[in-house]
Amino acid sequence: MTSTFSPGLRTLLQIDDPRTFLDQCWPDRHVVVHGPIERLTGFADISAAEDVRALLEHGHTYRRVDYRSSTQFFSVENPSIEEAYHLYQIGFTLYVYDVDSPAFNAWKVALAEELNLPPGGVVMTAFASRPGAGSRAHFDAQENFMVQVRGHKRWRIAPNKHVAYPSDNYFVGSEPNATLRKQIQGPLPQDIPEDALTVDMQPGSVMFLPRGYWHETDTVEDSLHWVVQAQVPIWSDVLQFILKHTPLMHELPWRSPVARAWKGTGPSADLMRELGAKLRELGSWLEQANAEELLGSAVREQVQQEMIQSIKAAQPTLNPPPEGR
Ligand SMILES: O=C(O)CCC(=O)C(=O)O
Ligand SMILES: [Fe+2]
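Bear in mind that the values here come from a model prediction, so they are computed numbers and not experimental data. (Residues numbered from 1 in each chain as written. Chains lettered and ligands numbered in written order. Predicted model: local features only at pLDDT ≥ 70, side-chain atom pairs only at ≥ 80, totals over all residues.)

1. As for the overall build of the chain
Within the chain, the secondary structure is distributed over 10 helices and 13 strands. In terms of overall dimensions, the chain has a C-alpha envelope of 65 × 50 × 50 Å along the principal axes. Split into buried and exposed, the 325 residues of the chain put 23% on the buried side. Of the contacts made within the chain by residues no fewer than 6 positions apart, 78% connect residues no fewer than 24 positions apart. (Helix = DSSP H or I, 4+ residues; strand = E, 2+ residues; numbered from the N terminus. Buried ≥ 20, exposed ≤ 12 C-beta atoms within 10 Å, placed from the backbone. Contact = placed C-beta atoms within 7 Å.)

Here it is in structure tokens:
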């Protein structure tokens, strides 16, 4: 009997019904499953699984190589393909963001739908590393599924009791940035929490790591894993999106210049005085706003803009030549 390829949570997490995961774990509890690599069609058979050089030849939006030891850390951003491959071979960790491969299309569509994300809300990123390479304890500000396709990587993971749903990534030993400083309650630890769990990722293993979970890694055998990044919006994204698109922000009072905005080292008294009135105006407008209508028209506008952009990109002849040429 031939098995049919069915991309999505069922296959990824080896469950009969995606609701088991969505109701019991998503987006807060980690999950680890070990299963046959053959089910991961696309992840496993993209030529990169055996050949890291081929991975670099795939279209992608960003690449970087990181060197980490107990005393040093540095990154080379957007190296040439040759340089990236060479550095990977001598022990740097290769990070290739947003890899574009037809092999992923069906996965991206299925996962975005099951996770209730807008189209394009799933991004595929690869990490390749040689034995001994690893990452010190850190957290990332996204929901990630780690998909191991080659070799053995040992992870230590722990829920984050220091800051729930951080909006930025953080590595132990560094200074938290201004965003994180607003979100943390107390000092951040100098190491992975003691109660961290060890997870051995082998080809076919998949781990869901919630936003903010602490993790550190150690490459035991030449390793390649994919990070299926779910771009889950946070509430403040939704509000900023609405404000960006709402017609209100294009009305005269909001598009008019702040004529005397600054005095000496800070915002002027004029600005401060008027800002209070503006915020109250915004508050009463928000109170009366119809949420569904606002979001609906913002989404329609965004979709329309994206369609125009993609049509323009596909048909460069439609773009008029720059003035004066
Ligand atoms: O494998 C590594 O070195 C780091 C992996 C990691 O932190 C991640 O995938 O989020
Ligand atoms: Fe990470």
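2. Comments concerning the site of ligand 1
Close to ligand 1 lie Thr 93, Phe 127, Ser 129, Gly 134, Ser 135, Asp 140, Asn 144, Met 146, His 215, Thr 217 and Val 227. Looking at the shell around ligand 1, the elements with two or more residues in it are strand S5 (122-129), strand S6 (134-139), strand S7 (143-158) and strand S11 (214-230). The element that contributes the greatest number of residues to the shell around ligand 1 is S11, accounting for three residues. Considering only residue class, the shell around ligand 1 consists of three nonpolar, seven polar and one charged. (Near = placed C-beta within 6 Å. Nonpolar A, V, L, I, M, F, W, Y, C, P; charged D, E, K, R; others polar.)

3. Considerations on the UniProt feature "domain: JmjC" (unreviewed entry) in the chain
Mapped onto the present numbering, the UniProt feature "domain: JmjC" (unreviewed entry) falls at residues 88-247. Helix makes up 20% of residues 88-247 and strand makes up 40%, while its end C-alpha atoms are separated by 49 Å. (UniProt positions renumbered as here; feature names shortened; annotations may be inferred.)

4. Brief notes about unusual backbone geometry
Note the cis peptide between Trp 26 and Pro 27, where omega equals -5°. For Pro 27, the location among the structural elements is in the loop between helix H2 (18-24) and strand S1 (31-34). Residues other than glycine seldom take positive phi values, yet Asn 78 does so here, at roughly 40°. On the secondary structure map, Asn 78 appears in the loop between strand S3 (73-77) and helix H4 (81-89). By the C-beta count within 10 Å, which is 10 here, Asn 78 ends up exposed.

5. Some details on the domain arrangement of the chain
Under the domain assignment, the chain is made up of domain 1 (9-230) and domain 2 (235-317). Domain 1 and domain 2 are separated by 34 Å when their C-alpha centres are compared. (Domains from an automatic or database assignment.)

6. Structural notes on the environment of Phe 5
Structurally, Phe 5 is set in the segment before helix H1 (9-13). In this structure Phe 5 comes out as exposed when scored by C-beta crowding, with 10 C-beta atoms within 10 Å. Distance in space between the C-alpha atoms of Phe 5 and Ile 90 is 37 Å, their sequence separation being 85 residues.

7. Concerning the environment of Val 206
Within the fold, Val 206 resides in strand S10 (residues 205-209). In this structure Val 206 comes out as buried when scored by C-beta crowding, with 24 C-beta atoms within 10 Å. The spacing of Val 206 and Gln 148 is 58 residues in sequence and 6.3 Å in space, taken between C-alpha atoms. Not counting residues up to four positions away in its chain, the partners in contact with Val 206 are Leu 12, Leu 13, Val 33, Phe 145, Met 146 and Val 147.

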